[in-house]
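# Observations on chain architecture
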Amino acid sequence: MVKYKLLAIDLDGTLLSKSKHISKSNFQSLKAYTDCGGTPVITTGRSIVSAEKYADAIVRYTNSKAEYVVAFNGAYIKNINTGVSHEFKISHEIVSELKKFVKQNKLVLWAYTKYATDHRAVYVTKSFANLVVWFGKGINLLKLNDDVTDLASYKINIMSFHKGKISTALAALQAKYQDQLTFSHSHPRLIEINAKGIDKGFGIKFVADKLHIGQQEIAAIGDSNNDLPSFAVANLKIAVKTRSNLLKEKADYYLGYKRHVVAEAIDKYVLADPKVEIKLVASDLDGTLLKNGSKAIDDDVKNTIRELVDKYHKVFVVCTGRSIDDTLMVANYFQVQNNANIFAISVNGGCVYDVAKKRYLFEKVMSASLAKQIIDIFNQFQHDKTRQQQIAMEAFVDYDNDSLIQHKKQNHYFINKEYIYHYYTSAHPGMLKNFWAPREHQLIDDNMPLNRVMKFIMHFESLEDRARVLAILERNKYDYEISSSSEHNIEIMPPNVSKGKALERLCNYLNIDIKETMPIGDEKNDISMLSLSPHSITFKSSSESVRKAAGHVLDEETSTIVAKAIKNYVFNR
């Protein structure tokens, strides 16, 4: 039985050759895939008319029961055996507004309404001869006049031959319609628009649910930004030669374009199940190494990590949002003989520390202006009369920013310290007592060194208060990194700081491929590292966004989960 039961395949730039045909090699590998029980699903921004003919060709060649095709970036999902379709449209009113927008900005719009789709056509605002290149033969271009009474559309494309105009238009449309529409790109001169929440990932998930296929059994292959949602719901992600650096970053594997690239992907990665040697294990602390409110690391976990490092010569990394003092206490706690293979990532990636050499490989603090901006946001909300319950904030402050020194002093600063202690002692018994290094606790005031802040944590009793502050922070989300380690807090780090970025930096230092790592974690601040490797692990109790980022979701919820993960996936026991 094939491991990946559903394979989502993009058309243009992926399955199709430059002449818009499926190569014989691609057909043959698709047949090998379906013979093993796999289900290929065409997943495209094209119309259902165009997509369905390729899906029919695959069914005929493979003699399979491949049933579904996802067209219009997820807005039209059809069972080609039964003819049943599921349709999701942009309203007539919004399309009318978009039509006025393109006229004012001298852009081109084309709309895929039900009438146009049923008649193998598309409505266009301008009849450019070179628009034919976009559609090919067999598609009629209908003039989008004012007398068209039903503009409800599966998808809207807005196009310009000037890249600058498209960038400006996209920014304006996103600002106005971010709660009503979904935007994507498959070409630098094109904006693709669907109803809110509709994208290729939605379509794939819809089909997977119909076929009772889980996320861990989904693979996706594509070449452009409108394939990013496909990658978000897939376990195996394969990118084909692309301009999108983001797609490359999200991919497990990257292939150069050739007319049989889908065959290469199926043969190498979908059907084959290569045993990648895991060289590094990175584990979160609270909720992972310290599981289910444990006050100590289980003896089986300690012994397994010693075996991992001393017998198997693998690297082990404690990776946490806590301070470097706490992290080093844990790193030294295992008492391994070969501490050259023990590293620490702390403050959500703000520090990367070599335990054996007692030196920092990386460290980053906020600018003073950024730290003040965040404190001002907090203070403003703290004095907001509509605030529902208590809020608090703590700051991780590093007094010495010399990255080569061996011993550093990190202090905690608080606003409303009493509430933080109350929160931890009531919701997380033992957290303040276990592995918390001695440090000064001071108030956040004018004496705090703003140029030494590594991280802020805001704590909330009310989830509504948290949501309101998060919305304020996200308006400037490119100035800093936002994450969380529980549903009641928000963590704010300097730009380009996360557990995932820190793990990548450490892997570069150790010359280890990121795909040879096994990150383990349970909260949203672990997503950045979980998404890096197909071997990453989380637990069934984690939130949906965390489970989606992980390569494996384990059922067990015991304090020995890290030991069991290492034994199963590294020791192969």
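Above this text sits the structure in question.
To start, this report covers the structure provided alongside it.

### Re the overall build of the protein chain
Secondary structure assignment for the protein chain yields 20 helices and 28 strands. Among the 573 residues that make up the protein chain, the fraction classed as buried is 55%. For the protein chain, the exposed area adds up to about 24,800 Å²; of that, 49% sits on carbon and sulfur atoms.

### Some points on the side chain of Ser29
Tracing the backbone through its elements, the reader meets Ser29 in helix 2 (residues 24-35). In this structure Ser29 comes out as buried when scored by relative accessible area, which is 7%. Excluding its chain neighbours within four sequence positions, the residues that come into contact with Ser29 are Ala263, Ile266 and Asp267.

### So, the sheet that holds strand 2 (residues 39-43)
The pairing of strands in a sheet comes from backbone hydrogen bonds and takes either a parallel or an antiparallel form. Pairing is mixed across the open sheet formed by 8 strands, whose spatial order is 5-4-3-2-1-12-13-14. If you trace the sheet from one side to the other, it starts and ends with strand 5 (85-87) and strand 14 (253-255), each paired once. Ignoring strand direction, the axes of neighbouring strands in this sheet form an average angle of 15°. Pairing analysis gives 4 bridges linking strand 1 (residues 6-9) to strand 12 (residues 218-222), with the strands arranged parallel. Among the inter-strand pairings, Leu6 is bridged to a residue of strand 12, identified as Ile218. Its contacts with the sheet place helix 2 against strand 1 and strand 2, and it is angled at close to 130° to strand 2. Relative to strand 3 (residues 68-71), helix 3 (residues 48-62) is tilted by about 150°, and along the sheet it contacts strand 2, strand 3 and strand 4 (76-79).

### Digging into the nonpolar core
By size, the foremost hydrophobic cluster in this structure holds 75 residues, and its most contacted members are Leu15, Leu98, Ile156, Ile158, Leu173, Ile191 and Ile193. Here this core takes 8 residues from helix 3, the largest share from any one element. One finds Val281, Leu290, Val301 and Ala563 within the second-largest nonpolar core, a separate group that totals 41 residues.

### A short note on the pattern of salt bridges
One pass over the full model with this rule turns up 22 salt bridges. Here Arg46 and Asp12 are joined by a salt bridge, their closest N and O atoms 2.7 Å apart. In this pair, Arg46 sits in the loop between strand 2 and helix 3 while Asp12 sits in helix 1 (residues 11-15), placing the two residues 34 residues apart along the sequence. When the shortest N-O distance is used, the salt bridge between Lys31 and Asp35 registers 3.4 Å. Pair noted here: Lys31 and Asp35 are both in helix 2, with a separation of 4 residues, about one helical turn. In this structure Lys31 comes out as partly exposed when scored by relative accessible area, which is 29%. Because the salt bridges share partners, they merge into one network encompassing Asp10, Lys200 and Asp227.

### What to know about the sheet that holds strand 9 (residues 153-159)
Within the open sheet, the 6 strands sit side by side as 8-7-6-9-11-10. Their pairing is mixed. Where the open sheet ends on each side, the last strands, each with one partner, are strand 8 (140-143) and strand 10 (181-184). Sheet twist, expressed as the average angle between the axes of neighbouring strands with direction ignored, equals 25°. Where strand 10 meets strand 11 (residues 190-195), 4 bridges bridge the pair, whose relative direction is antiparallel. Across the sheet, the residue bridging to Leu181 is Ala195, located in strand 11. Sheet strands in contact with helix 4 (residues 92-104) are strand 6 (108-113), strand 9, strand 10 and strand 11, and its direction is about 10° off that of strand 9. Here helix 7 (residues 163-177) sits on the sheet in contact with strand 9, strand 10 and strand 11, set at roughly 20° to strand 11.

Scoring rules and cut-offs
Residues numbered from 1 in each chain as written. Predicted model: local features only at pLDDT ≥ 70, side-chain atom pairs only at ≥ 80, totals over all residues. Heavy atoms only, no water. Helix = DSSP H or I, 4+ residues; strand = E, 2+ residues; numbered from the N terminus. Buried < 20%, exposed > 50% of the residue type's maximum accessible area, 1.4 Å probe, protein only. Areas by Shrake-Rupley, 256 points an atom, 1.4 Å probe, with all protein chains shown as cover. Contact = heavy atoms within 4.5 Å. Pairing = 2+ DSSP bridges. Axes fitted to C-alpha atoms, helices over the stretch in contact; angles between N-to-C directions. Core = buried A, V, L, I, M, F, W, Y, C linked by side-chain atoms within 4.5 Å. Salt bridge = Lys/Arg side-chain N within 4 Å of Asp/Glu carboxyl O.

Read these as geometric descriptors, not functional statements.
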